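A structural walkthrough
Residues per chain are reported as follows:
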Amino acid sequence: MYVLECNNLSKSYGSKRALERIDLQLGSGRILGLLGPNGSGKTTLIKLAEGLLQPTDGQILIGGKVPGVETKAQIAYLPDREFLPDYMTVEQLLRYYADFFQDFDMERAEMMLKNLNINKAQRMKKLSKGTKEKVQLILTMSRDAKIYILDEPIAGVDPAARDYILKTIISNYSPDSLVIICTHLIADIESVLDEVVFLKEGRVVLHRNADELREETGKNIDGLFREVFRC
Amino acid sequence: MLTTLMKYEFKAVGRLLLPLYGAWLIAAVMLGLSIGNSGNDGSVLFITLSSILYAGACISAVILTAIILIQRFYKNLLGSEGYLMFALPVSTGRHIANKVVSGAVWTCAGIIVAILSGLIIAVTIEGFTSVFENMDFIVSDIKYAVSREPSVLLVIPEFIIVMLAASASFCAKVYAAIAVGHQWGNHRVLGAILAYIGFGIVETTLGNLISMISDFGVIDFILDLLDSMHYMTQMHLSMLMAFFAVAVVAAIYWFICWILLDRKLNLE
């Protein structure tokens, strides 16, 4: 059984088609780059997986189930925006995640906070944009989820922290989980990708193993992306 | 999960409303003391200032309670925090129930604080003993009434339940209007206001339809039936009917909210 499966999946916003008949089967034990220019349908696909949107046609399945309460317990989702209540302290947020997610690993979260020198007593609204993003990522990656969906996980952090975050992503996911990274900063994450999906105007134009793709084309993923999506 | 949701909801709203209600009660104490100690030259100015302070506390508590409850629903479920809330392993129905119950409890808390502030003013003006000097008579009257009709004791919890249900129905109506407004691409606040007005028109129309039905004798039949009963049975049955009517309205608005948040949700 696939961890995530899209069968003839389409989504429209009024008359605008955001996703067009997507067929995608994703297994566990890999890090997948979901890549495409703005408006290609990446966020729509992620929202459908998370149950934040309903498909217009077709279906999306998480571990064989339609998105719902049960699948939400299996997905660790990092949106591309500040989504945590800013009046709460980092420590309160750790307890919040522990209260709602049975798979939340408090020790792992505290260790990561310590490594990044983040004060647990600070309120979110007092933190810098980059530190907020680090806290969001730490909370997401401290779960033992079946699927990690990371929408622009490194966009707001400095280059030094990016390496730590990528290391965190690699070291925290287990062989029976799937990591989906959605980003524009392909060069920074290229080294960790096992598989890539290119989305263009709501359609999958490429779904390949990253190493095979590099060997066949003689280009890196970043170069190939620029070629496929040249303006 | 509903209890966990409610724990965080009460904390989030309480941190804003409890200081507000505290200020309201302090303003009541100051007003009571200023009136109770009137007699010296500065007392008129002190009474005027404390009256303005108390009126300001009353008005701001009512307005801010409404604003905080509306903003809490909008920001927490339909704003950026919605990405966290709808990622929790909690059903949409429970999210709405959490907001409706919390809204109802805080609305009732506001009413209780209003009553309490009036009591505080009376006690600080007249003194505790003079306000409660007739307490023995009141208690003995209650004892006599209970000995004759024990079910009279049920009227207070029944009234509280109906009050909570009415508050829940009102909150569900406001939240349903916000959810309708959120379907609009732009001018979502305007959409929510128009939806609220629309709900009011539908309620009035349905009320008129029910009045028309009464012309055919349905309401008269119910009233005749009530008249033939014991007065306490009438009271309990009236409370039950009021609760049922309010609960049905609350369920309809809850369902509208659920459809829009579960099936038509589109967070920005």
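Each chain carries its own residue numbering, running from 1 in the direction its sequence is written. Ligands are numbered from 1 and chains lettered from A, in the order in which they are written. Given that this is a predicted model, residues contribute local features only at a pLDDT of at least 70 and side-chain atom pairs are listed and counted only at 80 or more, while totals for whole chains, interfaces and linings are drawn from all residues.

Notes on the packing of helix 4 (residues 92–126) of chain B against helix 7 (residues 155–182) of chain B
The packing of two helices is summarised by the inter-axis angle and the distance between the axes. Residue and element names in this part refer to chain B. One way to put it is that helix 4 packs onto helix 7 with a least axis distance of 8 Å and a crossing angle of 125°. As far as their axial angle goes, helix 7 and helix 4 are oblique. Considering only the axes of helix 4 and helix 7, their crossing is right-handed. Where helix 4 approaches helix 7, its residues Ile96, Lys99, Val100, Val101, Gly103, Ala104, Thr107 and Cys108 are matched on the opposing element by Met163, Leu164, Ser167, Ala168, Cys171, Ala172 and Tyr175. Considering only residue class, the contact of helix 4 with helix 7 consists of 11 nonpolar, three polar and one charged. Throughout, an axis means a line fitted to C-alpha atoms (over the contacting stretch in the case of helices), and angles, computed between N-to-C directions, take values from 0 to 180 degrees. Going along the chain from the N terminus, every DSSP run of H or I of four or more residues is numbered as a helix, and every run of E of two or more is numbered as a strand. Convention used here: angles under 35 degrees read as roughly parallel, angles over 145 as roughly antiparallel, angles from 65 to 115 as roughly perpendicular, and any remaining angle as oblique. Here a crossing is called left-handed whenever its near helix is offset anticlockwise from the far helix by less than a right angle, and right-handed whenever the offset is clockwise. C-beta atoms are first placed from the backbone for all residues, and any pair lying within 7 Å is then listed as a contact. Residue classes follow a fixed rule: Ala, Val, Leu, Ile, Met, Phe, Trp, Tyr, Cys and Pro count as nonpolar, while Asp, Glu, Lys and Arg count as charged, and any other residue, Gly among them, counts as polar.

A short note on the environment of A:Ile149
Residues and elements named next belong to chain A. As for its placement among the helices and strands, Ile149 is situated in strand 6 (residues 147–151). Put plainly, a residue is buried at 20 or more neighbouring C-beta atoms within 10 Å of its own, exposed at 12 or fewer, and partly exposed in between, counting only other residues' C-beta atoms, which are placed from the backbone. We classify Ile149 as buried; it has 26 C-beta atoms within 10 Å. When the C-alpha positions of Ile149 and Tyr173 are compared, they lie 12 Å apart, and in sequence the two are 24 residues distant. Excluding anything up to four places from it in sequence, Ile149 contacts Ile46, Ala49, Glu50, Ile75, Tyr77, Leu78 and Ile180.

Here's the deal with the sheet that holds strand 9 (residues 203–209) of chain A
Residues and elements named next belong to chain A. For two strands to pair, DSSP has to find at least two bridges joining them. Strand order in the open sheet formed by six strands is 5-6-7-3-8-9, and the pairing between neighbours is mixed. Whereas interior strands pair on both sides, the edge strands pair on one side only; in this sheet they are strand 5 (75–78) and strand 9. Geometrically, the sheet is characterised by an average inter-axis angle of 15° between neighbouring strands, direction not taken into account. Sheet topology note: the strand 6/strand 7 (residues 178–182) ladder contains five bridges and is parallel. In the sheet register, Leu150 faces strand 7, and the bridge partner there is Ile181.

Quick word on the confidence of the model for chain A
What pLDDT expresses is the predictor's confidence in each residue, scored from 0 to 100. Of all residues in chain A, 100% have pLDDT values of 70 or greater, and the mean over the chain is 90. Taking the mean pLDDT of every element in chain A, the minimum, 79, falls on helix 6 (residues 159–172) of chain A and the maximum, 96, on helix 3 (residues 90–100) of chain A.

Brief notes about the environment of B:Gly36
Residue and element names in this part refer to chain B. As for its position among the elements, Gly36 is in helix 1 (residues 2–36). Among the residues examined, Gly36 registers 15 C-beta atoms within 10 Å and is labelled partly exposed. As a C-alpha pair, Gly36 and Ile125 span 89 residues in sequence and 4.2 Å in three-dimensional space. With residues up to four places along the chain from it excluded, the contact list for Gly36 reads Thr124 and Ile125.

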